[in-house]
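# Summary of the model geometry
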Amino acid sequence: MAPTPQPAVAGVKKQEVSLYQFFAPGGVLSRTHPAYEFRRGQLQMAQAVELALEEKRHLIVEAGTGTGKTLAYLVPVIRSGKRVIISTGTKNLQEQLFHKDIPFLEQALFPEGEGRLNVCYMKGRNNYLCRKKLYDLTGQPVLSGLEEIEHYRAIAAWEKTTQTGDRAELAELPEASALWHKIDASSDACIGQKCSSWDKCFITEMHRRAMESDIIIVNHHLFFADLSIKQQAEYAPDAGILPEVGAVIFDEAHELEDVAGSYFGVSVSNGRVEELCRDVEASLQRNHMLSASISGALKSLRERAMFFFALLPQGEGRFSFENRRDFLEENGDEFTSLQQSFTRLNSELENLPSKPEEVFNFARRAQELQVQFGFLMESEDANTVFWIERRRGGRDKLNVYLQATPIDVAPILKTCLFDKLECAVLTSATLAVGGGFEYMRRRLGLEHTRESVLPSHFDYENQALLYVPPDLPDPRTPQFAAKAADRIRRLLEITRGRAFVLFTSYAQMNDVYQRLLGELDFPMLLQGDAPKSALLEEFRLTPNAVLFATSSFWQGVDVQGEQLSCVIIDRLPFAVPSDPVVAARVKSIDAEGGNAFFQYQVPAAVITLKQGFGRLIRSLHDRGLLVLLDNRILKKQYGRVFVESLPNYRKTTEMRQVEEFFGAS
């Protein structure tokens, strides 16, 4: 007869339940979770996190899909009694933690309601409503079109009842709403404690909740935006909105280098200059303070900025701006004129008598832009790559961005994050390359770290078949698209659709999609035809659908069951070598005597491939086919690194085995 559980475990205080009592068969989790299965990897991960928190050491842990990572770090965090930030890759994961995992744990650990967890969840400021901006809009003739007026009415009614001010509550507001941008709480227009709506401010309230919480759930973008503000303010006590904590858990940690790079860099655009001019104009008109001299200063700034951005080197997409010195020699006067326009606007604003508080904010923004333009055009920082990006905006407007990104974020992260934190836990299903973490440690500046690679809970050998066609041409050749389209059609006939076809470029995606249009008997969905969430929903609800997509569908997408039975990837996902940031990193590693291809390009592609293939098997009952149409994985020396880094899928180069795999299903 099985021993009866001790009553102490049922009504436990949070510190009293050991990890074993919680996760093991017959433990708390088995009695409270309807789909409980004992997962050895989950208990091992929880023990590793608990040890890291106790020893105040950093931990890097790869836990395959299906391990149950969130509970594996939440339970030791709760037991530790420390204040902890959990930073995730997406808002979806934040919402899952806050609305699903935390309430479940509260119920499991405190069934009598005798304990409460102090938890809050924070997003970037532009997700929240600014009450002052909303009130200032009332009766102002700045709403353009009936749609904006309708949105305004809906938001004004919601503002009276919302507790959080989070736009996610406004399901009917379209993602691309132009009005939201005018009334969100982004920091540009924030005047802090001097604001008339300070007491009722949603950001103030969020900050207060964070100060009172033991667990603060954020996403990587907010975390690094906050860290970069603190770094610029040299860690002044009131800088940033995240409180000091004992530890940080980074979930989806494979994204950290890219996100950190974007926040430790500098970016200016023609849109940012125009926004400043528009805000100054609207505010001074509202306060009846728009003089001829300020109008002149704004006109001058607009013209000089337009002229300067038009002079920048031409090019599509992202490209490097290596010849800044030559550019300045030729166009130095125009750059000086732009900088003088900022100075002029600044002094006009400072000379305004008895000015409203927001005017000080405009002067700060003008100074900040001036300093950033100076850095972007004149800095000689060796660890920075300077580049330009042109993007089409709404109404066919061309947005031009002038950017600076750190080539190597490792030294920055080491000094301003890992050296300052007691304990950082980095976890993801895809962190290891060839079974080790050397790549991640080197890219992120992690030292003295405990490491752990935990096997997945899934039986990959029986659940998944990986097919690589040995006879297709190299994906870099012109013959590839036609042959790949033929092979994809044949594979989809065997799988009866039910597939993601993932590409490394939009051009290749559109080419293959067009070739198969009318050739397939299955519903075909194409990325870009609808928002990502709508496409996913349509895929889930449409029998035998095939979705053609690029990078944003390679990760963070979860479709369980037979609906997704096949993932086809066109080629090994090496980053575009001409991308300015990638090119600068390659050049830097090679210049230091390293081998950028094996130290950087191959490992980065391995992690991306693992992410893409990770879409297929999402539960113990999933079964399906993985296809890589790029046989360099079989023929090139570096292919072995990819093969050794992937889970233990059954592998084949024969179409017959693909047919048998589905014939038996």
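In case you missed it, the structure is sitting above this.
The following paragraphs examine the structure supplied in this document.

### Points about the sheet that holds strand β13 (residues 499–502)
Taking strand neighbours across the sheet as the criterion, the seven strands line up as β14-β15-β13-β16-β17-β12-β18 in an open arrangement whose pairing is parallel. Two strands close off the open sheet at either side, each with one partner strand: β14 (524–526) and β18 (650–652). Geometrically, the sheet is characterised by an average inter-axis angle of 15° between neighbouring strands, direction not taken into account. Bridge analysis of strand β12 (residues 464–467) against strand β17 (residues 624–628) gives four bridges, and the strand direction is parallel. Counted as the bridge partner of Tyr467 is Val627 from β17. Where helix α22 (residues 532–541) meets the sheet, it contacts β13, β14 and β15 (546–549), and its direction lies at approximately 165° from that of β14. In the packing of helix α27 (residues 655–663) onto the sheet, contacts are made with β12, β17 and β18, and the angle to β12 comes to roughly 160°.

### Quick notes on the packing of aromatic side chains
Within this structure, the stated rule accounts for 28 aromatic pairs. Judged by centre distance (6.2 Å) and plane angle (15°), the rings of Phe224 and Phe250 are stacked. Residue Phe224 is found in helix α11 (residues 220–232), and its partner Phe250 is found in strand β5 (residues 247–251); the two are separated by 26 residues along the sequence. Put simply, the rings of Phe308, Phe309, Phe321, Phe327, Phe335, Phe342 and Phe373 touch in pairs and so form one group of aromatic residues. We note Arg324 situated over the ring of Phe386; from NZ or CZ to the ring centre the distance is 3.5 Å. Lys532 extends its terminal NZ or CZ atom over the ring of Phe553, reaching a point 5.5 Å from the ring centre.

### Quick look at the nonpolar core
Counting residues in hydrophobic clusters, the biggest one holds 85 residues, and the most contacted among them are Met122, Phe223, Phe224, Phe250, Leu426, Phe500 and Phe613. Element by element, the count of residues in this core is highest for helix α24 (residues 596–613), at eight residues. Setting aside chain neighbours within four positions, we find Met122 in contact with Gln94, Tyr128, Met206, Ala210, Ile216, Ile217, Val218, Asn219, Leu222, Ile241 and Leu242. Counting residues in each nonpolar core, the second largest holds 42 residues, with Leu59, Leu117, Tyr121 and Leu454 among its members.

### What to know about the sheet that holds strand β7 (residues 317–320)
The four strands lie next to each other as β6-β9-β8-β7, forming an open sheet whose pairing is antiparallel. The sheet is open, and its two borders are formed by β6 (266–269) and β7, each paired with just one other strand. Direction aside, neighbouring strands of the sheet carry axes that sit 20° apart on average. Relative to strand β9 (residues 398–406), β6 is paired through four bridges, and the arrangement is antiparallel.

Rules of the game
All chains use their own residue numbering, which begins from 1 and follows the written sequence. Residue-level local features of this predicted model are given only where pLDDT is at least 70; pairs of side-chain atoms are given and counted only at 80 or more, and the full residue set underlies all totals for whole chains, interfaces and linings. Side-chain figures throughout are based on the complete set of non-hydrogen atoms in the structure, without hydrogens or water. We treat two strands as partners when DSSP finds at least two bridges between them. Starting at the N terminus, helices and strands are each numbered in turn, a helix being any DSSP run of H or I of at least four residues and a strand any DSSP run of E of at least two. Interaxial angle, 0 to 180 degrees, is taken between N-to-C directions of lines fitted to C-alpha atoms, where a helix line uses only the stretch in contact. Only heavy atoms matter for contacts: two residues are in contact if any of them lie within 4.5 Å across the pair. Within 6.5 Å between ring centres, the rings of Phe, Tyr and Trp (the latter by its six-membered ring) count as paired, and their orientation is classed by plane angle as stacked under 30 degrees, edge-to-face over 60, tilted in between. For a ring to carry a charge above it, either NZ of a lysine or CZ of an arginine must fall within 6 Å of the ring centroid while also lying within 35 degrees of the normal to the ring plane. Take the buried Ala, Val, Leu, Ile, Met, Phe, Trp, Tyr and Cys residues and link them wherever side-chain atoms come within 4.5 Å; each set so joined is a nonpolar core. For every residue, the accessible area obtained with a 1.4 Å probe (protein chains only) is divided by the maximum for its type, and the residue is called buried under 20%, exposed over 50%, and partly exposed between those limits.

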